[in-house]
Amino acid sequence: MIPYGRQYIDKSDIEAVVEVLQSDWLTTGPKVKEFEESVAEYVGVKSAVAVSSGTAALHSAMYAIGIGPGDEVLIPSMTFAATANCIVFQGGVPVFVDVEADTLLIDPVEVERKITDRTKAILAVDYAGQPCDYDRLQEIADRRNLAIVTDGCHSLGAEYNGRKVGGIADMTVFSFHPVKHITTGEGGMVTTDNPEYEKRLRIFRNHGMTSDFRQREERGTWYYEIVDLGYNYRITDFQCALGLSQLQKLPDFLKRRRNLSEQYEEAFSSVREINPLDVKHNVNHAYHLYVIRVDFESLGCERADIFQRLREKGIGVNVHYIPLHLHSFYQKRFGTGRGLCPVAEEAYEAIMSLPMYPGMNDEDSNEVVTVLLGILEESRCR
Ligand SMILES: *Cc1c(COP(=O)(O)O)cnc(C)c1O
């Protein structure tokens, strides 16, 4: 089976983890700080705060900007559940915004339309690895006094107008799950230039405490204060050692992902029924996902049928995502439903994510193309 995504781990990654296991600090130690500083430097911001998952990072970011009961946060409907849930964790209301048909990125026109007196922030998702239209989002945010947070779980290494994702919004969230650009097993990070946000993030990830265990050890003191409700969202030092080792490989990982996207692009350029998503001229795409839109109607076949035949032939296709506002939880809790985001709903019927990961070789990508085109050819003849 060629999966849609998977980690790339080599001997240097394994050695980095083992070294930490033999050291004094398994958590809250020097590797956490080193990983934070390295990611901050990579994306070009003053600070980064590492946590136990991308979801924990999103939740921490919502806390840092002060989201509370009744506050509304605008999110695209075409995203993973955690983008909405982090708002709900804080008692806030996720407001589902439609996306642009050609990129599936949050539509700035729809953002403007959904702003109310209760709107506090825009949580934009760089879907598939392509940065959103931050110039237009920033213009709206400035005019309406909103914070912008980027869910950059797809876009580590992506660029917008020559600037790396991570230093564009007020805060940016990354995930280090095995299918993402670099992995720590589970893990996440928030990057920001705002020292007040950084302070709040650090308190939130450690039970709402003003100091951590290592700081107290170093100062020889027992004193700490709980200043707010926090969580245990800490990440371990051996995870951060893995992250540091992976970060060194990130430029190569990105190069391979971009190379695979070119191969797919070329293979599908003459196939009428397959349309890759558009890529804007002012971005450098990070290709977490390679999403195609298939014209199943003119092929005269069902996506479920094609999907199943691809899986049977060992091609691990996937669908990202079922629009969030169609899930029963949000329908029950927030009264969402069909018709709320028609562009996302229509796009959902046509999209498929093809295998895309740095360890994929040319044989694998050729196999994906050959099998997919073969199945479509058979369908066309029926
Ligand atoms: C992966 C992902 C998350 C959550 O990250 P975890 O590390 O799995 O908690 C959030 N948002 C998006 C868009 C993601 O792809």
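Cut-offs used in this document
- Residues numbered from 1 in each chain as written.
- Predicted model: local features only at pLDDT ≥ 70, side-chain atom pairs only at ≥ 80, totals over all residues.
- Heavy atoms only, no water.
- Pairing = 2+ DSSP bridges.
- Helix = DSSP H or I, 4+ residues; strand = E, 2+ residues; numbered from the N terminus.
- Axes fitted to C-alpha atoms, helices over the stretch in contact; angles between N-to-C directions.
- Salt bridge = Lys/Arg side-chain N within 4 Å of Asp/Glu carboxyl O.
- Buried < 20%, exposed > 50% of the residue type's maximum accessible area, 1.4 Å probe, protein only.
- Near = heavy atom within 4 Å.
- Polar contact = N/O pair within 3.5 Å; in protein donor to acceptor, adjacent residues only side chain to side chain.
- Areas by Shrake-Rupley, 256 points an atom, 1.4 Å probe, with all protein chains shown as cover.
- Nonpolar A, V, L, I, M, F, W, Y, C, P; charged D, E, K, R; others polar.

### A word on the sheet that holds strand 13 (residues 351–354)
Stage number 1. Ordered by their spatial adjacency, 3 strands build an open sheet running 10-12-13, and the pairing between neighbours is antiparallel. Lying at the two open borders of the sheet, with one neighbouring strand each, are strand 10 (274–276) and strand 13. When strand polarity is set aside, the average angle formed by the axes of neighbouring strands in this sheet is 35°.
Stage number 2. Direction of pairing for strand 12 (residues 290–294) relative to strand 13: antiparallel, over a ladder of 4 bridges. Bridging from a neighbouring strand, Val-291 pairs with Ser-353 of strand 13.

### Overview of the pattern of salt bridges
Stage number 1. What the rule picks out here adds up to 21 salt bridges.
Stage number 2. Notably, a salt bridge pairs Arg-143 with Glu-112, separated by 2.9 Å at the nearest N-O pair. Of this pair, Arg-143 sits in helix 6 (residues 134–144) while Glu-112 sits in helix 5 (residues 108–113), and the two are 31 residues apart along the sequence.
Stage number 3. The exposure class assigned to Glu-112 is partly exposed, which follows from its relative accessible area of 26%.
Stage number 4. The partner of Arg-309 in a salt bridge is Asp-305, and the shortest N-O contact between them spans 3.4 Å. One end of the pair, Arg-309, and the other, Asp-305, are both in helix 11 (residues 303–312), 4 residues apart, so they sit about a helical turn from each other.
Stage number 5. Take Asp-305: its relative accessible area is 28%, and that puts it in the partly exposed class.
Stage number 6. Each of Glu-36, Glu-198, Arg-202 and Arg-205 takes part in a single network of salt bridges with overlapping partners.

### A closer look at the site of the ligand
Stage number 1. Around the ligand, 15 residues are found, and the nearest of them are Gly-54, Thr-55, Asp-151, Ser-175 and Lys-180.
Stage number 2. Within the side chain of His-154, an N or O atom sits 2.9 Å from an oxygen atom of the ligand.
Stage number 3. Lys-180 places a polar side-chain atom, nitrogen or oxygen, 3.1 Å from an oxygen atom of the ligand.
Stage number 4. For the ligand, the accessible surface in isolation is 380 Å², of which the surrounding protein chains cover 91%.
Stage number 5. For the shell around the ligand, the element with the highest residue contribution is helix 3 (residues 54–64), accounting for 3 residues.
Stage number 6. Class assignment for the residues of the shell around the ligand results in 5 nonpolar, 8 polar and 2 charged.

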